[in-house]
Amino acid sequence: DQQVKQNSPSLSVQEGRISILNCDYTNSMFDYFLWYKKYPAEGPTFLISISSIKDKNEDGRFTVFLNKSAKHLSLHIVPSQPGDSAVYFCAAPAVSGGYQKVTFGTGTKLQVIP
Amino acid sequence: DAMVIQNPRYQVTQFGKPVTLSCSQTLNHNVMYWYQQKSSQAPKLLFHYYDKDFNNEADTPDNFQSRRPNTSFCFLDIRSPGLGDAAMYLCATSRGGATNEKLFFGSGTQLSVL
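Residues numbered from 1 in each chain as written. Chains lettered and ligands numbered in written order. Predicted model: local features only at pLDDT ≥ 70, side-chain atom pairs only at ≥ 80, totals over all residues. Heavy atoms only, no water.

A. Region of the structure containing the overall build of chain B. A tally of regular secondary structure across chain B gives zero helices and 11 strands. From first element to last, N terminus to C terminus, chain B shows the α and β order β-β-β-β-β-β-β-β-β-β-β. Over its C-alpha trace chain B gives a radius of gyration of 13 Å, about what one expects of a compact globule, namely 13 Å for 114 residues. Once the C-alpha set of chain B is aligned to its principal axes, its extents read approximately 40 × 30 × 30 Å. Taken across its 114 residues, chain B has 50% of its residues classed as buried. Here chain B carries 10 positive and 9 negative side-chain charges, and the mean point of each set is 5 Å from the other. (Helix = DSSP H or I, 4+ residues; strand = E, 2+ residues; numbered from the N terminus. Rg over C-alpha atoms; globule rule 2.2 N^0.38 Å. Buried < 20%, exposed > 50% of the residue type's maximum accessible area, 1.4 Å probe, protein only. Lys, Arg positive; Asp, Glu negative; His and termini not counted. Charge placed at Lys NZ, Arg CZ, Asp CG, Glu CD.)

B. Fine view of the sheet that holds strand 8 (residues 72-77) of chain A. Residue and element names in this part refer to chain A. Pairing is antiparallel across the open sheet formed by five strands, whose spatial order is 1-3-8-7-6. Among the strands making up the open sheet, the edge pair consists of strand 1 (4-5) and strand 6 (56-59). In the sheet, strand 1 pairs with strand 3 (residues 19-25) via two bridges, with the strands oriented antiparallel. Each residue of the ladder has a partner; that of Lys5, found in strand 3, is Asp24. (Pairing = 2+ DSSP bridges.)

C. The environment of A:Cys90, seen in detail. Residues and elements named next belong to chain A. Its place among the elements puts Cys90 in strand 9 (residues 86-96). Given a relative accessible area of 1%, Cys90 falls into the buried group. Through-space distance from the C-alpha of Cys90 to that of Asp24 is 8.9 Å; in sequence the pair is 66 residues apart. Not counting residues within four places of it along the chain, the set of residues in contact with Cys90 comprises Val4, Gln6, Cys23, Leu34, Trp35, Leu73, Thr103, Phe104 and Gly105. (Contact = heavy atoms within 4.5 Å.)

Here it is in structure tokens:
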């Protein structure tokens, strides 16, 4: 049962335009979401997060939107830069038995074309 | 810089030959995790340590074991690797187990089984 879904395996965007990466979840108990970015041959690194008490969180060029009723979140990158080319994972942690268990999506590979 | 270090970056083993992957951290985090990631799939949690407390995921095969001799080091032992165990193995840490704790990943070890 894939509780966190990223239905677009890949996305290509022109440099300077907006990139929109989508994520859907099924577990209504999730109350915190994170996006991780992964370059080839490197581990994922934290990018941005959002709590369920908010519907938007912004950090520079990156903004995450959360629609709780639709169980949907999206990551917006404006303007997109070639260095943003990477795989982006949506993640939702839950505390189970006193520890944090993170459920990841399958990732979206973003290519920003110069 | 404080970080999570995984060795080796690439590991080749033979079918059935035991192999150990290592992870060290200088972040002094309480929690260390091992994830398995196969191509185009989401990272899958195998197990984690909260300090010395070991937590195994229910669906982690018995073939996979882990050791954490001290705060800084954690090992993944695969007793009899099968072809299906070829994957990227990611070590991660977090300060604690709360849902808003972000994970810090190593660069991963790509395991090949011949």
